[in-house]
Amino acid sequence: NAALYVAIRWGCNQTNNIAILLKHGADIHADFESSYMVLDKAAMYSEPETVQFLIDNGAKVNYRKTITVDTYVDEIGYPTLMNAAFENRADNIRVLLRAGADLYKSFTPLSSSKEHSDPYQTVFSKFYRYGAEARAVLLEALGQHLLRTR
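A short tour of the structure in this document, coming up. Residue numbers restart at each chain and count upward from 1, following the sequence in its written direction. Reporting in this predicted model follows two pLDDT cut-offs: at least 70 for local features of residues, and 80 or more for side-chain atom pairs to be given and counted; totals over whole chains, interfaces and linings ignore these cut-offs and use all residues. Excluded from the side-chain calculation are hydrogens and water; included are all heavy atoms of the structure.

## What to know about unusual backbone geometry
Definition in use: Remark: exposure states derive from per-residue accessible area (1.4 Å probe, protein chains only) relative to the maximum for the residue type, with buried under 20%, exposed over 50%, and partly exposed in between.
Although it is not a glycine, N88 adopts a positive phi angle of roughly 60°. On the basis of relative accessibility, which here comes to 25%, the residue N88 falls in the partly exposed class.

## Quick look at the side chain of N92
In plain terms, the rule: The numbering of helices and of strands both runs from the N terminus, where a helix is a DSSP run of H or I of at least 4 residues and a strand a run of E of at least 2. Each polar contact in these results corresponds to two N or O atoms within 3.5 Å; when the atoms are within protein, one needs to be able to donate a hydrogen and the other to accept it, and residues that are neighboring in sequence are counted only if both atoms are side-chain atoms. By definition in these notes, contact holds between two residues if any of their heavy atoms fall within 4.5 Å.
With respect to the helices and strands, N92 occurs in helix α6 (residues 90–98). A polar contact of 3.0 Å, which involves the side chain of N92, links it to the backbone oxygen of A43. Setting aside anything within four residues of it in sequence, one finds N92 in contact with A42, A43, S46, E47, P48, V51 and A84.

## A short note on the packing of helix α2 (residues 15–23) against helix α4 (residues 48–56)
Going by this rule: Orientation is described by axes fitted as lines to C-alpha atoms, over the contacting stretch for helices, and by angles from 0 to 180 degrees between their N-to-C directions. To sort the angles, those under 35 degrees are grouped as roughly parallel, those over 145 as roughly antiparallel, those from 65 to 115 as roughly perpendicular, and the leftovers as oblique. The handedness criterion is simple: a crossing whose near helix is rotated anticlockwise from the far helix by less than a right angle is left-handed, and one whose near helix is rotated clockwise is right-handed.
Between α2 and α4, the least distance of the axes is 10 Å, while the angle of their chain directions is 25°. With respect to each other, α2 and α4 are oriented roughly parallel. At the point where α2 passes α4, the crossing takes the right-handed sense. Taking contact as the criterion, the partners of T15, I18, A19 and L22 in α2 are, on α4, E49, T50, F53 and L54.

Limitation: the analysis is restricted to geometry and does not speak to function.
What follows is the structure, given as structure tokens:
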């Protein structure tokens, strides 16, 4: 799994290299640095073709690692869509959205549900943190979502 992380994080991320690693047992759902999954790192640092390749090979776009302490279960880390936004990867945000990334869940953790009476305002308020390209793609997706649901 360390080889898969290196391939994705440091630019050796051509899909044929990743395919070889997966064929030889690398775990597509391995976690790196505690809470980052393979798809998280690809969404942050790889080309869209690599992100799509991982999705096509079973990476889950809405997956979050969970931890259990006693009877309390918590999701840790940021959702993949948010990780792509942190790095202003509008190209990868588009891939993730097309693959079914949950825009609402990605930007409204349970703890923020009390921040605003309108949950979409909560989502919108988080977009200011990202670069212009990522913000534009996310705002467009939010607008389309609102048109479909309201």
